[in-house]
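Reading the structure
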Amino acid sequence: MAKKGLLIHYEYCTGCMACVVACKQEHDYPAGRWGIMVNDCTRETEGRVQVDFLPFPTDLCDLCARRTHQGKRPACVKHCMAECMFYGELHDLAKKMETMPRSVLFVPK
Amino acid sequence: MNEVTIFRTTAWSPGPGCHGGCGLELYVKDGRLVKVEGDDEHPYNRGRLCPRALALTQYVYHPDRFLYPMKRVGERGEGKFERISWDQALDMVEERFSKIKDTYGAEAVIFAQGTGRDIGGPISFLCYSFGSPNWVQLGLAGHSCYTPRLAAMMFTHGDYAVLDAGQFVPEGMDDPEYEPPEVIVVWAQNPAAGCQDGFYGHWVSDCMKKGSKLVVIDPRWTWFSSRAEKFLQLRPGTDAALALGMLNVIISEGLYDKDFVDTWCLGFEELAARAAEYPLERVSQITWVPAEDIAEAARLYAKAKPAAIQWGVPIDMGPSGTTIAQAIAHLWSITGNLDVPGGQVIARAAFDVTTYPFSTQELHSLYGEEFVKRMNEKRIGAAEFKLLKNFRGWGQPDRAVEQMLSGDPYPIKACWIQTTNMLGGQAADTKMHYQALLNMDFNVVVDCFPNPTTMAVADLILPAASIAEKESLRSWWSPLQVMMSAVTVGECRSDWEINLELAKRFNPELRKRFDTVKDLIDDRLKPSGYTFDELKDGHWKFPEKDTPTRPYRRYEKGLLRPDKKPGFRTPSGKIELYSTSFEEFDMDPLPFFTEPPESEVRTPQLAEKYPLVMVTGRRSPVYFHSEHRQIPWLRECDPDPTVEIHPQTAQELGISEGEWVVIHNERGRIKRKARVTPIVHPRVVSVPHGWWLPETQGTEPNLYGIWDINCNILVNIGPGDDSGYGGGPYKTALVAVKKLSQGEE
Ligand code: SF4
Ligand code: SF4
Ligand code: SF4
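Calculation notes
- Residues numbered from 1 in each chain as written.
- Chains lettered and ligands numbered in written order.
- Predicted model: local features only at pLDDT ≥ 70, side-chain atom pairs only at ≥ 80, totals over all residues.
- Heavy atoms only, no water.
- Contact = heavy atoms within 4.5 Å.
- Buried area = accessible area lost by both parts, 1.4 Å probe.
- Salt bridge = Lys/Arg side-chain N within 4 Å of Asp/Glu carboxyl O.
- Polar contact = N/O pair within 3.5 Å; in protein donor to acceptor, adjacent residues only side chain to side chain.
- Helix = DSSP H or I, 4+ residues; strand = E, 2+ residues; numbered from the N terminus.
- Nonpolar A, V, L, I, M, F, W, Y, C, P; charged D, E, K, R; others polar.
- Pairing = 2+ DSSP bridges.
- Axes fitted to C-alpha atoms, helices over the stretch in contact; angles between N-to-C directions.
- Near = heavy atom within 4 Å.
- Core = buried A, V, L, I, M, F, W, Y, C linked by side-chain atoms within 4.5 Å.
- Buried < 20%, exposed > 50% of the residue type's maximum accessible area, 1.4 Å probe, protein only.
- Domains from an automatic or database assignment.

1. Considerations on the interface of chain A and chain B
Listed as interface residues are 40 residues of chain A and, on the opposing side, 37 residues of chain B. Its largest share of buried area at the contact with chain B, chain A owes to Y12(A), Q25(A) and M81(A), together 22% of the area lost on that side. Taken together, the links from chain A to chain B amount to ten salt bridges. Across the pair R675(B) and D40(A) runs a salt bridge whose closest N-O atoms are separated by 3.1 Å. The tally of links between chain A and chain B comes to 23 residue pairs in polar contact (both at pLDDT 80 or more). For the side of chain A that touches chain B, the element with the highest residue contribution is helix α1 (residues 18–27) of chain A, accounting for seven residues. Along the lines of polarity and charge, the residues of the side of chain A that touches chain B split into 20 nonpolar, seven polar and 13 charged.

Here it is, written out as structure tokens:
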């Protein structure tokens, strides 16, 4: 089966934390266990302030195997308030990436 | 094993806590809520959901939740309560309130709520059924939350208006008539952190994906500022000057919509003359924003067709908040952006169904004009503030707290406190409100969790249901929808259920009309022709085309005025840039700028001693005001009460990241953890509000730590001016910040 992953168009990530809590709810992770974290990468650059967030799926991310087997989207992808996360086969996501400047691709273990 | 049942309902209040509107799917198994997801088919959120709604199971089944009515058995503040039955609890309220009514009059009981949640309907219903005129957002200085903006809009163009993100039509942004705004001005709000005023915040990022360009006006860099064509980092509280400066540019450069102004507006010459008093150099000096940036922002907005403004509560909190809102409403009025696709679309409650009375018209239709008039005789603030008397039904919060302490002009003896933790949240001058509440003979608190307010002042606690446990209705704004109960938790009851039962005791006439809450909901739904059963389980409804509660260009079609003539619902039928209503209310008919009560200009000596402007109230995506600090999934995302301080300022003060510091002024001192960040202006500190620590001692004297960390201790009450609305100085208090000295706690 083709390898799957997450495409995160972080240009649009507002740091809303929906992915974080969606993941915990889906996996019943208690506080302290994170399937995905959101890093605040805010910095001063070129005389302006750039407020950016970068989601980081951890080693606990299983791409929501249970959901995706049922044909559902991963919990984070579905609930992302900015609709900036995508799930799919890597080569499709890589193609999609070309039209999404400032994005990253994640592949789990 | 039992199957999972999915209930399709709508978010509005306990749980996510918000102003609501989303479609939710509640997964229930064996009578227990096991999961929450966004409803993919719901036009509001299209399946998406915020962290607070996603943490609903932790909220609903939290071990701290109130599960049954309790009466106080120890002293106030000792935290000693005893379980009683609902009958005993309601008997107690009936008896105590009736006694007060007999001795002092019904006006001696205040009905206090917090923000605009699914509470305005039930609490005003109870308040009026009891006969008190005093429905109050107690603690909210200057009544500075949306009402000033609403008043400005109502008296300028006879209706409310919001950014058009396609939310009034079933197809949303895919509607063939719709087009996204070419430019959006995000004015004093961070829409990423929540859904304020019934507006799904991420519609702004949706519009950006469709090409909308941004102008952002804020003292603080947000995600949106970093993506804006123009970011104006203004001095807190100077929004009126900025708006007038922009109006001046647009008028003097001829960038306004001349045809629209000629046909639909009155008072343009007067407005032009007023705006001319705000040349760029002056405005730049007032606002700290470079003149060229102001001019460019004005041009960007005025040249775009369509363009829209997404505004926030700091406008209400600015000095003379109503007039700031008026100036901003003039921006969309003279550029012809009112009620056009992708502009500022007129917002009415779907099908004219009233849930939460948002206007005088709605109050009249629910309770009758005579009744509303009678209520005005004793309504707190109505005699003093003509605008307040002629708009909505609120008592004035600052006068209310003063009166609770002074008994002048008449005594206040009891407080019904429903879904508002004012001592941990909105109450400016927290100590004053604390003393005022302790001055009451009887306080009832209806809430979901113990908090500083329940701990300090409650004599009786009634357990409120969350959104998963209640039936209600919502028409803010579209679509029309209802909430369904999916589970029961302890003996919790919905606000509607509690208030209907009590209202019947005070007004037995109601027994004939409403047996159950569903009867009441069906009654309120009447103008729509639908019933609760027809709307439940995800059957929301949008108004039909060419009806008064659906856009666009209703002023051309005669859909806005009661006489069905084209035009707006104002005395003249036109957009009143020069407000005859304001004139009647002894207010300036045109917008103006006035300095905040404390500032480098108005109080220079104070500013020397307290050189930083404290803006409170920046939103966190995981909290709603003072809620959710006890929800584990949410708290770990934003664990500490912080102060955002600029690196340069921090360096001057010798403060480093993560260190606990003291913020102080003449009103007191609090402690916060320093977050050193370039997002704030070097002369401003941002101090998130609503902080209390549920993990610490709740009983006196600690009260969950509020006297140590609640920023509103440092904020004065209002009101700011002679309208009674606006100007709660939550964004403009002057403070100093220093390191915590050795041994200091
Ligand atoms: S794909 Fe599933 S497991 Fe991975 S981060 Fe998203 S929600 Fe968590
Ligand atoms: S849900 Fe989406 S927008 Fe929100 S933090 Fe996660 S990736 Fe960012
Ligand atoms: S804050 Fe927004 S996303 Fe969250 S429940 Fe409320 S309306 Fe829905």
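2. A word on the sheet that holds strand β7 (residues 104–106) of chain A
Residues and elements named next belong to chain A. One open sheet accounts for three strands, arranged β6-β1-β7; its pairing is antiparallel. Here the strands that pair on one side only, and so sit at the sheet edges, are β6 (85–89) and β7. Ignoring which end each strand starts from, the neighbouring axes of this sheet average 25 degrees apart. On top of the sheet, helix α4 (residues 90–97) reaches β1 (4–8), β6 and β7; it is set at about 135 degrees to β6, its chief contact.

3. Concerning the site of ligand 2
Lining the immediate environment of ligand 2, one finds 13 residues, of which C13(A), C16(A), M17(A), C19(A) and C80(A) sit closest. Looking at side-chain class alone, the shell around ligand 2 contains eleven nonpolar, two polar and no charged residues.

4. Things to note about the sheet that holds strand β11 (residues 230–232) of chain B
Residue and element names in this part refer to chain B. A sheet is described by the order of its strands in space; here four strands give the open sequence β11-β10-β9-β13, paired in parallel fashion. Each edge of the open sheet is held by one strand with a lone partner, namely β11 and β13 (307–311). Each neighbouring strand pair of the sheet contributes to a mean axis angle of 15 degrees, computed without reference to strand direction. Note: strand β9 (residues 183–187) against β13, five bridges, orientation parallel.

5. Regarding the nonpolar core
Residues and elements named next belong to chain B. By size, the foremost hydrophobic cluster in this structure holds 291 residues, and its most contacted members are F97, W187 and W416. The leading source of residues in this core is helix α7 (residues 239–252), at ten residues. By size, the runner-up hydrophobic cluster in this structure holds nine residues, among which are V613, V684, L734 and A736.

6. Some remarks on the site of ligand 1
Neighbouring ligand 1 are C23(A), H27(A), G35(A), I36(A), C61(A), D62(A), L63(A), C64(A), P74(A) and C76(A). Of the residues that constitute the shell around ligand 1, the class distribution is seven nonpolar, two polar and one charged.

7. With respect to the pattern of salt bridges
Residue and element names in this part refer to chain B. For the structure shown, the criterion picks out 67 salt bridges over all chains. Of the charged contacts, one joins E384 and R399 as a salt bridge, the two residues approaching to 2.7 Å between their closest N and O atoms. Here E384, found in the loop between α15 (369–378) and α16 (386–389), pairs with R399, found in helix α17 (residues 397–406); they are 15 residues apart in sequence, far enough to count as distant. According to the relative accessible area criterion, E384 is partly exposed, its value standing at 43%. Here D523 and R513 are joined by a salt bridge, their closest N and O atoms 3.5 Å apart.

8. Overview of the domain arrangement of chain B
All names here are of chain B. Segmentation of chain B into domains returns domain 1 (5–60), domain 2 (70–136 + 356–474 + 481–535), domain 3 (147–350 + 553–584) and domain 4 (604–739). Taking the mean C-alpha position of each, domain 2 and domain 3 sit 34 Å from one another. Counting from both sides, the interface comprises eleven residues of domain 2 and, opposite them, twelve residues of domain 3. By the criterion of area lost to domain 3, the three top residues of domain 2 are Q361, L387 and F391, representing 53% of everything that side buries. Counting across the domain 2 and domain 3 interface gives zero salt bridges. The interface formed by domain 2 and domain 3 contains three residue pairs in polar contact (both at pLDDT 80 or more). Where the side of domain 2 that touches domain 3 is concerned, the elements lending two or more residues are α14 (360–367) and α16. Its residues assigned to classes, the side of domain 2 that touches domain 3 comprises four nonpolar, three polar and four charged.

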